[in-house]
Structure formats: structure tokens, C-alpha cells
Amino acid sequence: MPVALYNTMSRSVEPLQPLAPPRVTLYTCGPTVWNYAHIGNFRTFLFEDLLRRWLEHSGYDVFHIMNLTDVDDRVIKAAAGAGKRITEHTEPFTQAFFQDRDYLRIKPAHVYTRATQYIPQMIALVQRLMERGVAYKGEDGSVYFALSRFPTYGRLSRLDTRQIKVGARVASDEYAKDDPSDFALWKKADAEDESVGAAWDAPFGRGRPGWHLECSAMALDEIGKRFDVRTLDIHCGGIDLIFPHHEDEIAQSEGATGDPFARCWMHGEFLNVRGTKMSKRFGNFLTARDLREQGVDAAAVRLLFWQSHYRQPIDFNDEALAGATEGVRRLGEFHARLKTSGGDLPELVPTLEAECTAALDDDLDAPRAVAALFEFVRAANRELDRVTGRKGSGALAAFERVAGVLDVLPTPKAVDPDLAGWVAERLAARDRARKSKDFKAADAIRAELKARGVEIEDTPMGTKWRVA
Ligand SMILES: [Zn+2]
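Think of each chain on its own: its residues are numbered from 1, step by step along the sequence as written. Residues qualify for local features only when their pLDDT is at least 70, as the model is predicted, and side-chain atom pairs are given and counted only at 80 or more; totals for whole chains, interfaces and linings, by contrast, use all residues. As a rule here, side-chain values come from all non-hydrogen atoms in the structure, and water together with hydrogens is ignored.

**Notes on the overall build of the chain**
When helices and strands are tallied, the chain shows 15 helices and 17 strands. If one aligns the C-alpha atoms of the chain with their principal axes, the spans along those axes are about 90 × 50 × 45 Å. For the chain, the proportion of its 468 residues judged to be buried stands at 54%. Excluding contacts between residues fewer than 6 apart, the proportion of contacts in the chain whose partners are at least 24 apart in sequence is 75%. When charges are counted, Lys and Arg contribute as positive and Asp and Glu as negative, whereas His and the chain ends are disregarded. All charge positions are set by atom: Lys at NZ, Arg at CZ, Asp at CG, Glu at CD. Here the chain carries 63 positive and 69 negative side-chain charges, and the mean point of each set is 4 Å from the other. Numbered from the N terminus, helices here are DSSP runs of H or I no shorter than four residues, and strands are runs of E no shorter than two. Exposed residues in this analysis have more than 50% of their type's maximum accessible area, buried residues have under 20%, and partly exposed residues fall in between, with area computed by a 1.4 Å probe over protein chains only. Should any heavy atoms of two residues lie within 4.5 Å, those residues are counted as being in contact.

Below is the structure:
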């Protein structure tokens with residue numbers, strides 16, 4: 001069974017068919033770095049992380065592109081409010097995004113495209129659209145996409161295109177589904193744009209790109225120069241991006257190239273916090289750094305998210321997080337047990353692997369994979385209780401393979417350097433005692449270490465230790 005994924009374009013689960021397997025080009029809409037990304041944004045980025053890991057585990061050679069929106073309506077407004085230039089305003093939030101990504105164990109994309117570094121490509125795309133007659137300059141000096149010249153507009157969101165009012169225009173980056181209008185590709189620079197450094201010269205007038213244009217230009221540039229193609233294999237984002245953002249990306253890209261922009265469109269569902277959509281107004285606005293500062297293990301956040309399918313909404317609340325934290329603790333305990341006791345468990349391992357593969361191949365059914373993992377833990381614990389001294393490491397390797405894709409094992413506790421120094425000194429003393437056959441002294445040191453929570457294990461490579 002090949003990997004099958006739900007394609008928003010067809011509204012059905014389809015076998016993945018990349019243009020040139022094993023390569024898979026993956027474009028994921030990234031954060032707008034006007035502020036800290038919230039945990040709902042990270043739910044989308046985590047679903048994309050699971051997608052990427054599962055494709056790689058399945059033998060695909062994924063090339064992952066994520067953009068950083070460092071110029072758009074919100075960035076300009078925020079920079080102007082802070083009295084800064086856009087680059088000065090966005091850089092700290094870009095760095096914060098990378099820290100949050102690392103905290104949540106999200107694999108870095110192969111390339112992060114910053115919108116401000118692709119202005120020439122954006123200008124070229126607008127020119128091409130004007131040449132092909134699907135874009136025009138309005139009397140307000142901005143350049144618009146002409147919906148009437150692109151008859152397939154609205155396919156992704158199943159928009160009733162009869163509602164489109166020919167010639168109606170919208171300049172803002174975000175607008176409602178009942179307002180499909182000619183949208184701005186390039187916005188004429190105003191005084192505020194100039195004051196924050198968000199204005200560039202172009203043959204059709206000084207201005208700045210619209211948000212939707214940015215993704216089309218960056219995606220086409222990256223796959224064009226690297227792979228000489230004009231179609232992405234997979235394009236992802238949150239469901240709120242289907243309209244207008246992705247609809248507009250399709251119009252711009254296909255209007256310019258004549259080729260399909262993406263073979264598969266995938267969208268992650270929303271995250272609610274304590275029952276309601278997260279917002280600053282309800283006081284339930286959570287960022288990844290809030291969780292990190294509260295000492296939440298990233299493994300628990302990942303496990304909590306995997307317990308719901310990416311196309312189902314999640315409620316993020318304290319009980320759910322506590323439950324996931326407990327689940328992660330059990331996985332960690334089991335992992336430690338397998339490492340010391342070993343065992344091949346030939347009657348359990350094939351079930352675990354087959355069940356997880358079937359689950360993730362079926363449109364990333366993470367809840368089913370998680371259930372299989374915990375079922376394995378229960379059954380294996382029973383088996384290890386029953387039979388002692390089992391040889392082999394088959395069970396450990398299989399468990400680590402599955403847990404590695406989900407990446408849900410607990411974060412090792414950070415070790416205090418003073419403790420580490422003391423442990424090293426005590427282990428050296430224990431070594432000397434053992435060499436002189438003073439086993440009583442060696443045992444006393446082991447007890448001394450244990451009293452401070454340090455467990456040791458003698459291996460052919462020397463003595464290993466960890467804080468229990
Ligand atoms: Zn985008």
C-alpha cells in the first residue's frame with residue numbers, strides 16, 4: 001500500500017503520485033513574523049512535520065520549502081506601530097520562530113524563503129501575468145489579478161463563481177469568502193510603506209507585493225531553479241488558508257505557467273483553546289514559548305496533537321495536556337525498561353510495525369498509530385513480566401523506529417554540570433575500587449549515587465549513567 005493523502009482539491013484520499021519519485025517537493029505556508037506564532041499555527045507546522053517524517057520513513061526524498069512572510073499588511077502595521085523598519089521588526093520574531101520550532105522538535109525545512117529576498121522574482125511574476133493579460137494596473141496605481149480572465153478560479157474552495165462581480169477589487173491581504181474580487185498583486189507604495197522600508201521600484205510602479213503573490217513567486221522560483229519544474233508535489237497550510245490565500249496562489253501560478261501549481265493540497269484543522277477559538281480577547285491565546293516557560297515537555301504537545309487526526313479540530317486544555325504528559329512518561333519508562341531488559345518479542349513486533357504503517361499510510365492516521373504504540377507497550381510489559389532474561393534488541397529497535405517518527409519520547413532532563421562533575425569523580429573512584437577487587441566499596445558508591453537519583457549501568461563501552 002502506498003502512502004495515501006487527502007487532497008483538498010478532489011475532496012478525497014488519493015495515493016501520493018509525485019511528479020518524479022522518489023523526490024517530493026513540499027511547500028508549506030510559514031509564519032508571518034510580525035509577532036510570535038501561536039500554538040494553533042504550530043499545530044499546522046506539526047502536522048506538516050509528521051507528513052515530512054512519514055514520507056521520509058517511506059523512502060521519499062522530500063525537499064521542504066517554508067516561507068517566512070516578512071512583508072505584508074500586518075508586518076507593515078506592526079513595524080510602523082513600533083517605529084521600526086520591517087527587517088528590524090521581523091528579525092527577532094524570525095529567530096523566536098526557529099527557537100519554538102526546535103523546542104517542538106520540528107525538522108527544519110531545507111530552505112526558508114524570506115519574502116523580502118524574492119522581490120525581483122515577484123516583480124517578474126507580475127510582469128508575466130500582465131503580459132498574459134490576466135493582470136492589469138488599476139487607476140489607483142496598484143496591479144490586480146483579473147478573475148474574469150481565469151475561468152477556473154474557485155476550484156479549491158468550491159466557490160460559486162457566479163457570485164464574482166466582474167471588476168470589483170480588494171486591496172487588503174485578507175478578505176471574506178463572500179467577497180471574491182480582483183485581488184492586489186502589487187500595491188502602490190504609500191507613505192507608511194516608505195517609512196518602514198517596504199517599497200521597491202518596479203516597471204509598473206513603486207510598491208510592494210501582496211501576501212498571496214509572495215508564496216507563488218517563492219515556490220515557483222525554488223522548484224524551478226532546483227528541479228526545473230513548475231508544479232509542487234504537495235502544498236500545505238491551515239484550513240483558514242484555503243480561501244483566499246491558496247485560491248489566489250493557484251490563480252497567480254497557473255495564470256503565469258499554464259501548469260497545475262500543486263498535485264496535492266493538504267490542510268490542517270484548527271486548534272481551540274479551552275473550548276473556544278484562541279484569541280487575545282478571550283485570554284486563551286497561547287504561544288509555544290508560553291508552554292516552554294511552563295516546563296511543558298514538547299513530547300507531550302506532540303503526543304496530544306497526534307491523538308487527534310490532523311483533519312479534526314483539537315481542544316487544547318489542561319486535562320488533555322496532563323493526559324499526554326502521563327502518556328509520555330509511560331513511554332519513557334517503557335523505553336528505559338526495553339533498553340535494560342531487551343527482548344525480540346517476535347509475536348508483538350510485526351503487529352506494531354504493520355499497524356503503524358497501515359495507519360500512517362492512510363492519510364496520516366496518527367491516532368491509530370498512537371493506539372498501536374500504547375497497545376504494544378501494554379502487551380510487551382506483560383510479556384517482559386512473564387519471561388525474564390530475554391535476549392535480543394528487536395523490540396527496542398522497532399519501538400524506537402515508531403516512536404522516532406512520532407518523536408514522542410520524553411526530553412532527557414538537563415543535567416546540572418556540578419552533578420555531572422561529582423558523578424564522574426564517583427564513577428572513577430568506583431572503577432578503582434573494582435580494579436582492586438574492593439566490591440564492598442564499589443557497592444557503597446553505587447548506593448551513594450542512587451541516593452542522589454543517579455542510576456548506573458555497566459556496559460562493554462564503560463559505565464553509563466542517567467538521572468532517574
Ligand atoms: Zn502561502
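Here the narrative resumes.
**Thoughts on the pairing of strand 9 (residues 182-188)**
Within strand 9, six of the seven residues are buried, which leaves the element mostly enclosed by the surrounding structure. Here two bridges tie strand 7 (residues 143-145) to strand 9, and the two strands are oriented antiparallel to one another. Counterpart to Val143 in the pairing with strand 9 is Trp186. Here, strands pair whenever DSSP counts at least two bridges between them. Where strand 8 (residues 169-170) lies against strand 9, two bridges are found, and the strand directions are parallel. Residue pairing in the sheet places Arg169 in a bridge with Asp182 of strand 9. Both strand 9 and strand 10 (residues 207-209) contribute to a ladder of three bridges, which runs antiparallel. Paired with Lys187 across the two strands is Arg208, which belongs to strand 10.

**Comments concerning the coordination of the zinc ion**
Protein-derived coordination of the zinc ion comes from Cys29 (SG), Cys215 (SG), His245 (NE2) and Glu249 (OE), at a distance range of 2.0 to 2.5 Å. Each metal's donors comprise the N, O and S atoms found within 2.8 Å of it (within 3.2 Å for Na, K or Ca). Water is not part of the atom list, so some coordination spheres may appear incomplete. Only two sets of limits are used to name each site, 85 to 135 degrees for every angle of a tetrahedral four-donor site, and over 155 degrees for opposite donors with all other angles from 65 to 115 for a square planar four-donor or octahedral six-donor site, with any other site named irregular. The site at the zinc ion holds four donor atoms, and with the angles between them running 74 to 130 degrees, its shape is irregular. For the zinc ion, the donor residues sit on a single chain with the sequence spacing C-x185-C-x29-H-x3-E. On the criterion of sequence distance, the pair formed by Cys29 in the loop between strand 3 (23-28) and helix 1 (39-57) and Glu249 in helix 7 (residues 242-257) is long-range, its members being 220 residues apart.

**Looking at the sheet that holds strand 13 (residues 271-273)**
Strand order in the open sheet made by the three strands is 14-13-15, with mixed pairing throughout. The sheet is open, and its two borders are formed by strand 14 (276-277) and strand 15 (314-316), each paired with just one other strand. Taken together, the two bridges between strand 13 and strand 14 define a ladder with antiparallel strand orientation. Bridge assignment links Asn272 to a residue of strand 14, and that residue is Lys277.

**Regarding the sheet that holds strand 3**
One open sheet accounts for five strands, arranged 5-4-3-11-12; its pairing is parallel. This sheet does not close on itself; its edge strands, each paired only once, are strand 5 (111-114) and strand 12 (262-268). Pairwise comparison of adjacent strand axes, ignoring direction, gives a mean angle of 20 degrees for this sheet. Axis definition: a line fit to C-alpha positions, over the contact stretch in the case of helices; interaxial angles, taken between N-to-C directions, run 0 to 180 degrees. Along the sheet, helix 3 (residues 86-103) contacts strand 4 (61-68) and strand 5; its crossing angle with strand 5, the most-contacted strand, is approximately 160 degrees.

**Here's the deal with the packing of aromatic side chains**
Ring geometry is summarised as follows: Phe, Tyr and Trp rings, the Trp one being its six-membered ring, pair when their centres sit within 6.5 Å, and such pairs are stacked at plane angles under 30 degrees, edge-to-face over 60 and tilted between the two. By the definition in use, this model includes 19 aromatic pairs. Plain terms: the ring middles of Phe145 and Phe183 are 5.3 Å apart, the flat faces sit at 10 degrees to each other, and that makes the pair stacked. Linking Phe145 in strand 7 with Phe183 in strand 9, this pair joins segments that are 38 residues apart in sequence. Judged by its relative accessible area of 0%, Phe145 is buried. Under the relative-accessibility criterion, Phe183 is labelled buried at 1%. Remark: a charge is flagged as sitting over a ring if the NZ atom of Lys or the CZ atom of Arg is within 6 Å of the ring centre and within 35 degrees of the ring normal. The ring of Tyr144 carries the charged tip of Arg169 above its face, separated from the ring centre by 4.8 Å.

**Here we look at the pattern of salt bridges**
When the charged atoms of two side chains lie near each other, side chains of opposite charge can form a pair. In the sections that follow, a salt bridge refers to a side-chain nitrogen of Lys or Arg positioned within 4 Å of a carboxyl oxygen of Asp or Glu. Applying the stated criterion across every chain yields a total of 36 salt bridges. Note that Arg53 is salt-bridged to Asp407, the shortest N-O span being 3.0 Å. Of this pair, Arg53 sits in helix 1 while Asp407 sits in the loop between helix 13 (394-406) and helix 14 (417-435), placing them 354 residues apart in sequence. A single burial state applies to Arg53 and to Asp407, both of which are buried. Between Asp385 and Arg337 there is a salt bridge whose closest N-O contact spans 2.8 Å. Taken together, the residues Asp385 in helix 12 (residues 366-386) and Arg337 in helix 10 (residues 318-341) connect sequence positions 48 residues apart. Within this structure, Asp49, Arg53, Arg105, Asp297, Arg302 and Asp407 form a network of salt bridges that share partners.

**Remarks on unusual backbone geometry**
Cis geometry is found at the peptide bond from Pro21 to Pro22, where omega equals 5 degrees. Structurally, Pro22 can be placed in the loop between strand 2 (12-15) and strand 3. The residue after Phe243, namely Pro244, is reached through a cis peptide bond having omega -5 degrees. Within the secondary structure, Pro244 is located in helix 7. A positive phi angle is found at Arg11, which is not glycine, with a value near 55 degrees. Relative to the elements of secondary structure, Arg11 occurs in the loop between strand 1 (4-7) and strand 2. Here Arg11 falls in the partly exposed class, since its relative accessible area comes to 31%. Here Asp228, not a glycine, exhibits a phi torsion of approximately 60 degrees, which is positive. Its location among the elements puts Asp228 in the loop between helix 6 (211-227) and strand 11 (232-238).

**Thoughts on the environment of Leu50**
Positionally, Leu50 belongs in helix 1. When its relative accessible area of 4% is taken as the criterion, Leu50 is described as buried. Separated by 56 residues in sequence, Leu50 and Ile106 place their C-alpha atoms 8.7 Å apart. Aside from chain neighbours lying at most four places away, what touches Leu50 is Trp306, Leu360, Leu364, Ala366, Val405 and Leu406.

**What to know about the nonpolar core**
The nonpolar core is taken to be a set of buried Ala, Val, Leu, Ile, Met, Phe, Trp, Tyr and Cys residues, with the residues joined through side-chain atoms within 4.5 Å. Ile234, Met266, Phe305, Phe376 and Phe399 are the most contacted members of the largest nonpolar core, which has 84 residues in total. Excluding residues within four positions of it along the chain, Phe305 makes contact with Ile39, Phe42, Arg43, Leu46, Leu271, Ile314 and Phe316. Counting 56 residues, the second-largest nonpolar core is a separate cluster that includes Cys29, Val196, Ala219 and Leu220.

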